[in-house]
Amino acid sequence: MGKIIAVANQKGGVGKTTTCLNLACCVAAMGKKVLLCDFDPQSNATSGLGVQVKEGESIYDGLVAGVDVPVKKTKWCDVLPADIRLAAAEQEVAMMDDREYRLKAVLDRSRDNYDFIFIDCPPSLGMLTLNALAVCDTVLVPMQCEYYALEGLSQLVNSIKAVKKKINPNIDIEGIVLTMYDGRTNLTIQVAEEIKKYFGKKVYKTVIPRNVRLSEAPSHGLPIIAYDRTSRGAEAYNALAAEFGSKN
């Protein structure tokens, strides 16, 4: 049975999708069977791997209508794609009796086929993210080193505790990944120290630097290891995947 990792942070612009997509592809490049579930209405993980979505092929259809969603094959990993209709799912799912477990019903069909399933969560703590937390084994939190990020992290931790108590007793934090890291600034160093003080070994040693090539890759429908494998971004995500693999 594959391990399910929700990549979540309710604060936008922290490199969540970039981390989810590139970590999934790098782990797959290590020889693991990987499924990337795009659960963000912006569907950036879908377009970031060049996946085209036709009617009936979105995670939305599985979530709301309960139909089998075809897995899309790419050169790097398999994808359960999303489209803009997922934005409406927040309200539609909220009215269902089994609203917290709709995503679980979808992923349970594929779970035995993969070593790892990565869920790219939306930047909020709404019904979609709740569905991801209800089905996942662990939560990976990409986090930018700035003051407001600390406040958002405490909210996410409280949400995970609530889910653990009422919905998913097995959920745990996989780790914290420091993104857009700039070791030249005092603020970055101070925030990183605060996070390590609170989370200890849960904080990955590998940090993801600011890197133009990382920003460019999605517009070409490529992960960073395919777009520019010698870039600092590619080196960082390969290192993160190795560190992730050593823990799993």
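I will try to describe carefully the structure that is included in this document. (Residues numbered from 1 in each chain as written. Predicted model: local features only at pLDDT ≥ 70, side-chain atom pairs only at ≥ 80, totals over all residues. Heavy atoms only, no water.)

**Here we look at the overall build of the protein chain**
Using the following cut-off: By definition, any uninterrupted DSSP run of H or I lasting at least four residues is a helix, any uninterrupted run of E lasting at least two residues is a strand, and each is numbered from the N terminus. The quantity called the radius of gyration is restricted to C-alpha atoms. Its globule counterpart is 2.2 Å times the number of residues to the power 0.38. Note on exposure labels: buried denotes an accessible area under 20% of the residue type's maximum, exposed denotes more than 50%, and partly exposed covers the range between, all computed with a 1.4 Å probe on protein chains only. Residue contacts follow a heavy-atom distance rule, with two residues in contact if any of their heavy atoms lie within 4.5 Å. Surface exposure here means Shrake-Rupley accessible area, sampled with a 1.4 Å probe, where a residue is shielded only by the protein chains that are shown. Charged-residue counts in this description rest on Lys and Arg as positive and Asp and Glu as negative, His and the chain ends being excluded. Charge positions are represented by NZ for Lys, CZ for Arg, CG for Asp and CD for Glu.
Within the protein chain, the secondary structure is distributed over 11 helices and seven strands. By the compact-globule yardstick of 18 Å for 248 residues, the protein chain fits well, its C-alpha radius of gyration being 17 Å. Scored against the burial criterion, the 248 residues of the protein chain give a buried share of 55%. A fraction of 78% describes how many contacts in the protein chain between residues 6 or more apart in sequence connect residues 24 or more apart. Only carbon and sulfur atoms are counted for the fraction: they give 50% of the accessible area of the protein chain, which is about 11,300 Å². Distance from the positive charge centre (30 side chains) to the negative charge centre (29 side chains) of the protein chain: 5 Å.

**Concerning helix H6 (residues 127–135)**
When you tally the buried positions in H6, you get eight out of nine residues, the bulk of the element. The complete set of buried residues in H6 reads Met127, Leu128, Thr129, Asn131, Ala132, Leu133, Ala134 and Val135.

**Focus on the sheet that holds strand S2 (residues 34–38)**
Through backbone hydrogen bonds, the strands of a sheet pair up, either in parallel or in antiparallel fashion. To keep things clear, this is the line we draw: Whether two strands pair depends on DSSP finding at least two bridges between them. An axis is simply a line fitted to the C-alpha atoms; with a helix, the fit covers only the stretch in contact. Between two such axes, the angle follows the N-to-C directions and lies from 0 to 180 degrees.
One open sheet accounts for seven strands, arranged S3-S4-S2-S5-S1-S6-S7; its pairing is mixed. Looking at which strands have only one partner, the edges of the open sheet turn out to be strand S3 (72–73) and strand S7 (172–179). Looking at chain direction, S2 and strand S4 (residues 78–80) are connected through three bridges and run parallel. Bridging from a neighbouring strand, Cys37 pairs with Leu80 of S4. In this fold helix H7 (residues 147–166) packs onto strand S6 (138–144) and S7, with an angle of close to 170° to the strand it touches most, S6.

**As for the pattern of salt bridges**
Threshold: Here, a salt bridge means any side-chain nitrogen of Lys or Arg that lies within 4 Å of a carboxyl oxygen of Asp or Glu.
In the structure shown here, the tally under the stated rule is 17 salt bridges. In this structure, Asp98 engages Arg102 in a salt bridge whose closest nitrogen and oxygen atoms are separated by 3.3 Å. The class of Arg102 is buried, set by a relative accessible area of 16%. In this structure, Lys104 engages Asp108 in a salt bridge whose closest nitrogen and oxygen atoms are separated by 2.9 Å.

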